[in-house]
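# Understanding the architecture of this molecule
Chain by chain, the residues run as shown.
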Amino acid sequence: MGKVSSDIQSLVIKKSDFPASFTWGVATSSFQIEGAGQQDGRGPSIWDTFCETPAHIADQSNGLVACDHYNRLDEDLDLIASLGVKAYRFSISWPRVQPLGQGAWNEAGFDFYERLVDGLRQRGIEAFLTLYHWDLPQALQDQGGWNNRDICQHFCNYACEVVRRLGDRVATVCTHNEPWVVSILGHETGIFAPGLKDRKIAYQVGHHLLLSHGMALQAIRAMSFQKPLGIVLNQSPIYPASQAPEDVAKARLDDGIVVRWYMDPLLKGAYPADVIEWLGDDAPEVHAGDMAQIAQPLDFIGVNYYTRNFSCASQTWDVASTGNPLTEMGWEIYAPGLTELLTRLHADYTLPAVYITENGGAFKDPMVNGQVDDQDRLAYLHDHIQATHTAMAQGVDVRGYFVWSLMDNFEWASGYEKRFGIVHVDYASLRRTLKQSALWYQSLLKG
Ligand code: FCB
């Protein structure tokens, strides 16, 4: 495992190795695929604004058309069904259903998601709904966005309205996708929308994301909604670059920043003390009662895994030094890291059910004679599914696995240059073509 395998004979995973109830799926998010940026009353999101500065996006693109999923819904639902998956993970575009992020609802926006959940149901596919996958209404950003505590109540209202309208036809609801990304990449490094560069704001934003999660869970449960509720976190095991004490200490701190900063408040009701100390004056303002609100019982936790990380106190870690192949994102391919991550979480926390809510890779994907022979992605997916299985054999309660992504799409600051799909999208014609990895996933799911 871990090396790119080109030998199809070494692909050994079978559907029957997993429990019959295991949820096999594919995942997307609203801004990355929908397009229809100015259609039917959708309001602008922070990603529309962010894309207006060409230097923010590698290919100077934006999400106005993307995969045009909004206008190709039926075709895409048929595509999803053709894979034989049990579930589809998608997100709601908040500015499509509530253009200003508070006040009036946009009926046309809700109509689209009604057709989506109805279409999934007709095809026998479970809907895994995510409320927030980063496309905040710009109007809320204009009031401070996630840095303004008032947003927690706006998010809660939005969450309840989505559940009121669509909840009867979804299998699960997730509040946030990857709060670390929103907090750190959006507000500390500024490489993602809204592009701020302020550590104090970043951690306050992170706190409000978690608080809004806890408030939404309570409000949704108060509606007598019975289905599983959870949150999705991006996680990696983080290793010291050497056994030198300063590298070991750096790795521990980085683990605190990426993993424990979210897992501890959600599952233990407190932020990790070492990170609080390291933040000093940049630690978030926490009101009395906030931590109890955050630590609501979780029905599931979603884990997005792509790679592992190393920490080095004196310099930046050179990813090439592992000798393992890298994806087009420059991320090391290391499937055992998924097993290590899951077993570590299982050892350190009392976990609810776990779903691998995202896993996949960007590869070159040349189209030759109308086909994409993406053996590298196929091997990546195979090895990570196997790594999931290994963790399950060691006692981790993993209930499902979702490939990121159903189709090539707008990869945030990388624009359309990085392709993660198991389905190829030709951005000129918007034609979809199943890659070899999709055909393999399809055959795996046939059993
Ligand atoms: C994750 C995001 C997802 C996608 C993948 C590659 O961090 O949740 O939208 O961009 O990375």
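Notes on the structure follow. (Residues numbered from 1 in each chain as written. Predicted model: local features only at pLDDT ≥ 70, side-chain atom pairs only at ≥ 80, totals over all residues. Heavy atoms only, no water.)

### A closer look at the packing of helix α13 (residues 336-348) against helix α14 (residues 375-393)
Test applied: For every element, the axis is a line fit to its C-alpha atoms; helices are fit only across the contacting stretch, and the angle between N-to-C directions ranges from 0 to 180 degrees. Helix and strand assignments come from DSSP, with helices taken as H or I runs of at least 4 residues and strands as E runs of at least 2, each series counted from the N terminus. When an angle is under 35 degrees it counts as roughly parallel; over 145 it counts as roughly antiparallel; between 65 and 115 it counts as roughly perpendicular; any other value is oblique. Note: crossing handedness is left-handed where the near helix turns anticlockwise from the far helix by less than a right angle, and right-handed where it turns clockwise. The criterion used for residue contact is that any of the two residues' heavy atoms lie within 4.5 Å. Lys, Arg, Asp and Glu make up the charged group, whereas Ala, Val, Leu, Ile, Met, Phe, Trp, Tyr, Cys and Pro make up the nonpolar group; the residues left over, Gly among them, are polar.
It is the contact of α13 with α14, at a shortest axis distance of 8 Å, that shows an interaxial angle of 30°. Viewed along their axes, α13 and α14 adopt a mutual orientation that is roughly parallel. Regarding α13 and α14, the two cross each other, and that crossing is right-handed. In this structure, α13 contributes L338, T339, L342 and T343 to the contact, and α14 contributes H384, A387, T388, T390 and A391. Its residues assigned to classes, the contact of α13 with α14 comprises 4 nonpolar, 5 polar and no charged.

### Quick notes on helix α5 (residues 107-122)
Here is the rule: Given a helix with a known number of residues, its expected span is that number minus one, times 1.5 Å. Using a 1.4 Å probe on the protein chains alone, a residue whose accessible area is under 20% of its type maximum counts as buried, one over 50% counts as exposed, and one in between counts as partly exposed.
The end-to-end C-alpha distance of α5 is 22 Å, a good match for the 22 Å that 16 residues give at a rise of 1.5 Å each. Residues G109, F110, F112, Y113, L116, V117, G119 and L120 constitute the buried set of α5. Looking at the buried side of α5, the elements it contacts are α1 (30-33), α3 (73-83), β2 (87-91), α4 (94-97), β3 (126-132) and α7 (151-166). G124 sits one or two positions beyond α5 and adopts a positive phi of about 75°.

### Considerations on the environment of E340
Along the chain, E340 turns up in helix α13. For E340, a relative accessible area of 29% puts it in the partly exposed group. Separated by 32 residues in sequence, E340 and R308 have C-alpha atoms that sit 9.7 Å apart. Apart from the residues within four sequence positions on either side, E340 is in contact with Y239 and Y334.

### Details of the packing of aromatic side chains
Applied cut-off: Side-chain rings of Phe, Tyr and Trp, where Trp is taken by its six-membered ring, are said to pair if the distance between their centres is within 6.5 Å; with planes under 30 degrees apart they count as stacked, over 60 as edge-to-face, and otherwise as tilted. Geometrically, a charge over a ring is one whose NZ (Lys) or CZ (Arg) sits within 6 Å of the ring centre while staying within 35 degrees of the ring normal.
Counted according to the given criterion, the structure contains 41 aromatic pairs. Taken together, a centroid distance of 6.3 Å and an interplanar angle of 75° make the contact between F410 and W412 edge-to-face. A residue is classified by how much of its surface remains accessible, and W412, at 2% relative accessible area, is buried. Taken together, the ring pairs in this structure connect F31, W47, F50, W134, F192, F410, W412, Y416 and Y427 into an aromatic cluster. The ring of Y349 carries K268 above its face, with NZ or CZ at 4.6 Å from the centroid. In this structure, R308 packs its charged tip against the face of Y334, placed 3.5 Å from the ring centre.

### Concerning the site of the ligand
For the record, the criterion: Residues are classed as near a molecule or strand on a simple rule: at least one heavy atom within 4 Å of it. In protein, a polar contact means a hydrogen-donor-capable atom and an acceptor-capable atom, both N or O and within 3.5 Å, with residues adjacent in sequence counting only if both atoms are side-chain atoms; elsewhere, any N or O pair within 3.5 Å suffices. In these tables, accessible area is a Shrake-Rupley quantity obtained with a 1.4 Å probe, and a residue counts as shielded only by the protein chains included in the view.
With respect to spatial proximity, the complete set of residues near the ligand consists of Q32, H133, W134, N177, E178, Y306, E358, W404, E411, W412 and F420. Separating an oxygen atom of the ligand from a side-chain N or O atom of Q32 is a distance of 2.7 Å. Take H133: an N or O atom from its side chain is 2.8 Å from an oxygen atom of the ligand. Compared with its free state, where it exposes 290 Å², the ligand has 94% of that area covered by protein. Looking at the shell around the ligand residue by residue, the class counts come to 5 nonpolar, 3 polar and 3 charged.

### Considering the environment of A222
Within the fold, A222 resides in helix α9 (residues 199-222). Sequence separation of A222 and E107 is 115 residues, and the distance between their C-alpha atoms is 24 Å.

### Observations concerning the pattern of salt bridges
Note the following rule: Salt bridges are counted wherever a side-chain nitrogen of Lys or Arg sits within 4 Å of a carboxyl oxygen of Asp or Glu.
By the definition in use, this model includes 30 salt bridges. Notably, a salt bridge pairs R169 with E114, separated by 2.8 Å at the nearest N-O pair. You can see R169 sitting in the loop between α7 and β4 (172-177) and its partner E114 sitting in helix α5, a full 55 residues away along the chain. A relative accessible area of 23% means that E114 is categorised as partly exposed. Of the charged contacts, one joins R308 and E332 as a salt bridge, the two residues approaching to 2.8 Å between their closest N and O atoms.

### Overview of the nonpolar core
Formally: Remark: nonpolar core denotes a set of buried residues (Ala, Val, Leu, Ile, Met, Phe, Trp, Tyr, Cys) joined through side-chain atoms within 4.5 Å.
Counting residues in hydrophobic clusters, the biggest one holds 146 residues, and the most contacted among them are V26, W47, Y88, F90, W146 and Y441. Of all the elements, α9 adds the most residues to this core, at 11 residues. For W47, the residues in contact, after removing those within four places along its chain, are F31, I57, W134, D135, F192, A193, F410, W412 and A413.

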